[in-house]
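Here is what each chain is made of, one letter per residue.
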Amino acid sequence: VQLQASGGGLVQPGGSLRLSCAASGSIRSIGDMSWFRQAPGKQRALVASITRGGSAFVHRSVEGRFTISRDNARNTVSLQMSSLKPEDTGVYHCNVAVGTIGNEVEYWGQGTQVTVSS
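Summarised in this report is the structure supplied together with it. Quick caveat, the model's predicted, so the values are computed rather than measured.

**Concerning the state of the cysteines**
Defined simply, a disulfide is a covalent bond joining two cysteines at their sulfur atoms.
Phase 1 of the analysis: One pass over the structure, following the stated rule, counts one disulfide.
Phase 2 of the analysis: Disulfide pairing places Cys 21 opposite Cys 94 at an S-S distance of 2.1 Å. Torsion about the S-S bond of the Cys 21 and Cys 94 cystine: about 55°, corresponding to right-handed handedness. Of the two residues, Cys 21 is situated in strand β3 (residues 17–24) and Cys 94 in strand β9 (residues 90–98); the sequence distance between them amounts to 73 residues. Across this residue pair, the class does not change: Cys 21 and Cys 94 are buried.

Listed below in C-alpha cells is the structure:
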C-alpha cells in the first residue's frame, strides 16, 4: 500500500489550501483516515480524522476552519484548510488504516509542507 499526498505550499495568512492523499495498492477495505501535522520543533499531532462510516473529528485549534472528507470510491482523504494562520505551518502527513475491522494496518504518507507566512 502506498499513500501519495499533495496540495501543500506557501500561502498568506487568511488563505486556503486543500490537501489530498490517495491510497493505492492491495486495498480491500479502509478504516480511519487522518491528517497529522508536525510543526517545527514539535511532535507530530493529530489535526483531523474521519472514520469508515464518515464521522469526522477535527482538533479544537482548527475547528471551523478545517474540514476533512473522504472518497471511498477513490480511496482518498482530503483536508480543506481555510483562514490559515502562521501556527498552521508544518509538514502534514496522512495516515490511513487499511484492512477490515479489527485487522487494520496503518500506513503513512510522505508528508507535504504547508507554510503560512506573509
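**Examining unusual backbone geometry**
Phase 1 of the analysis: The phi dihedral of Asn 75 is positive, around 55°, even though this residue is not glycine.
Phase 2 of the analysis: As for its position among the elements, Asn 75 is in the loop between β7 (66–71) and β8 (76–81).
Phase 3 of the analysis: Overall, Asn 75 belongs to the partly exposed group, its relative accessible area being 22%.
Phase 4 of the analysis: Although it is not a glycine, Ser 83 sits at a positive phi angle of roughly 50°.
Phase 5 of the analysis: Along the chain, Ser 83 falls in the loop between β8 and β9.
Phase 6 of the analysis: With relative accessibility at 41%, the residue Ser 83 sits in the partly exposed group.

What counts, and where the lines are drawn
- Residues numbered from 1 in each chain as written.
- Predicted model: local features only at pLDDT ≥ 70, side-chain atom pairs only at ≥ 80, totals over all residues.
- Heavy atoms only, no water.
- Disulfide = S-S within 2.5 Å.
- Helix = DSSP H or I, 4+ residues; strand = E, 2+ residues; numbered from the N terminus.
- Buried < 20%, exposed > 50% of the residue type's maximum accessible area, 1.4 Å probe, protein only.

Limitation: the analysis is restricted to geometry and does not speak to function.
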